[in-house]
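Notes for the structure review
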Amino acid sequence: MATVTYISDEGVETSYPVGESEPEIHIGRHKSCNIRTSNQSVSRYHARVFFDGQGYYLQDNESVNGTFYENERLKPGEPVPIEDGHYLMCGNFEMRFDFDDDDYNRAQGGEPVYEDAPADDESTRFASAPSEQDDYYPPPPPPPAYAPPPPPPAYAAPPPPPAYAHTPPSPESMPGSFLLNSQDTAKP
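The structure contained in this document is the topic of the report that follows.

A tally of helices and strands in the chain yields one helix and eleven strands. If you list the helices and strands of the chain from N to C, you get β-β-β-β-β-β-β-β-β-β-β-α. The proportion of buried residues among the 188 residues of the chain is 26%. Considering only residue pairs separated by 6 or more positions, the chain has 38% of its internal contacts joining residues 24 or more positions apart.

This is the structure:
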């Protein structure tokens, strides 16, 4: 049986088999999917990988963010054959597809040929999954949903002006006042 390998939401490298005994697997966010993720770029029923008795295929289920194989977006509903060691993307959720010995025999008509892979090739791509001895810190929780800002404090009327300690003097009582009274303005 072939396997689809991915990093789970918990940060653990996980493989799911597909082949004669498990001919079809579904990838998405829905709880009925075989490969589930909470990745928001993945649709609820995003894609499927299936085995038809001769080969393996990847099919997009009309997802919003697309399914990619060999960096090409698949046309919805059109299955494409997939090969050993290739990467699949559902939105930005990455998986690797790998044959087992029976699949090699079926595809190549003989025994698989194993080559020593260089240390920096893509076969180590998932090596970054945290192990139990590593200090693993889960990603921070998503930001809270938008909440409007709190209302401004209640309006309070301004305080009254300070009371005068004494009554201000009238202009007439001020020394040197040039105010004239009505008697001073009469003509003789």
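All right, on to the sheet that holds strand E11 (residues 93-98) then. Within a sheet, neighbouring strands are paired by backbone hydrogen bonds and run either parallel or antiparallel to one another. The six strands lie next to each other as E2-E1-E11-E10-E7-E8, forming an open sheet whose pairing is antiparallel. The open sheet terminates on both sides in strands that have one partner only, identified here as strand E2 (13-18) and strand E8 (72-73). As paired strands, strand E7 (residues 67-69) and E8 are joined by two bridges and run antiparallel to one another. Bridging across to E8, Phe68 finds its partner in Arg73.

As defined by bridge partners, strand E1 (residues 2-7) adjoins E2 across six bridges and the pair is classed as antiparallel. Following the sheet pairing, Thr3 is matched in E2 by Pro17. Joining the antiparallel neighbours E1 and E2 is a turn of five residues, in which Gly11 adopts a positive phi near 85°.

With respect to the element layout, Phe50 can be found in strand E5 (residues 47-51). Judged by its relative accessible area of 13%, Phe50 falls in the buried class. Along the sequence, Phe50 and Val18 sit 32 residues apart, while their C-alpha atoms lie 7.0 Å from each other. In this view, Phe50 contacts Val18, Pro23, Glu24, Gly55, Tyr56, Tyr57, Gln59 and Pro79; residues no more than four positions away in its chain are not counted.

Spatially, the five strands line up as an open sheet ordered E4-E3-E5-E6-E9, and their pairing is mixed. In this open sheet, the two strands that pair with only one neighbour each are strand E4 (35-36) and strand E9 (80-81). Here strand E6 (residues 56-60) pairs with E9 via two bridges, running antiparallel. Directly across from Tyr57, in E9, lies its bridge partner Pro81.

Quick look at the pairing of E11 now. Where burial is concerned, most of E11 is hidden: five out of the six residues are buried. Connecting the antiparallel pair strand E10 (residues 86-90) and E11 is a turn made up of two residues, with Gly91 showing a positive phi of about 65°.

Attention now goes to the packing of aromatic side chains. Applying the stated criterion across every chain, the model contains six aromatic pairs. Plain terms: the ring middles of Tyr56 and Phe99 are 5.9 Å apart, the flat faces sit at 40° to each other, and that makes the pair tilted. Of this pair, Tyr56 sits in strand E6 while Phe99 sits in the loop between E11 and helix H1 (101-108), placing them 43 residues apart in sequence. When sorted by exposure, Tyr56 lands in the same class as Phe99, which is buried. Among the aromatic residues, ring-to-ring pairing joins Phe51, Tyr56, Phe97 and Phe99 into one connected group. Above the face of the Phe50 ring, Arg48 is positioned so that its terminal group lies 4.0 Å from the ring centre.

Here a disulfide denotes one covalent bond, and it connects the sulfur atoms of two cysteines. All chains considered together, the criterion is met by zero disulfides. Lacking any disulfide linkage, Cys33 is separated from the closest cysteine sulfur, that of Cys90, by 9.6 Å. With a relative accessible area of 3%, Cys33 lands in the buried category. On the basis of relative accessible area, Cys90 is assigned to the buried category, the value being 1%.

Definitions and limits used
Residues numbered from 1 in each chain as written. Predicted model: local features only at pLDDT ≥ 70, side-chain atom pairs only at ≥ 80, totals over all residues. Heavy atoms only, no water. Helix = DSSP H or I, 4+ residues; strand = E, 2+ residues; numbered from the N terminus. Buried < 20%, exposed > 50% of the residue type's maximum accessible area, 1.4 Å probe, protein only. Contact = heavy atoms within 4.5 Å. Pairing = 2+ DSSP bridges. Phe/Tyr/Trp six-rings, centres within 6.5 Å; stacked < 30°, edge-to-face > 60°. Lys NZ or Arg CZ within 6 Å of the ring centre and 35° of its normal. Disulfide = S-S within 2.5 Å.

Interpretation in functional terms is not warranted from these geometric data alone.
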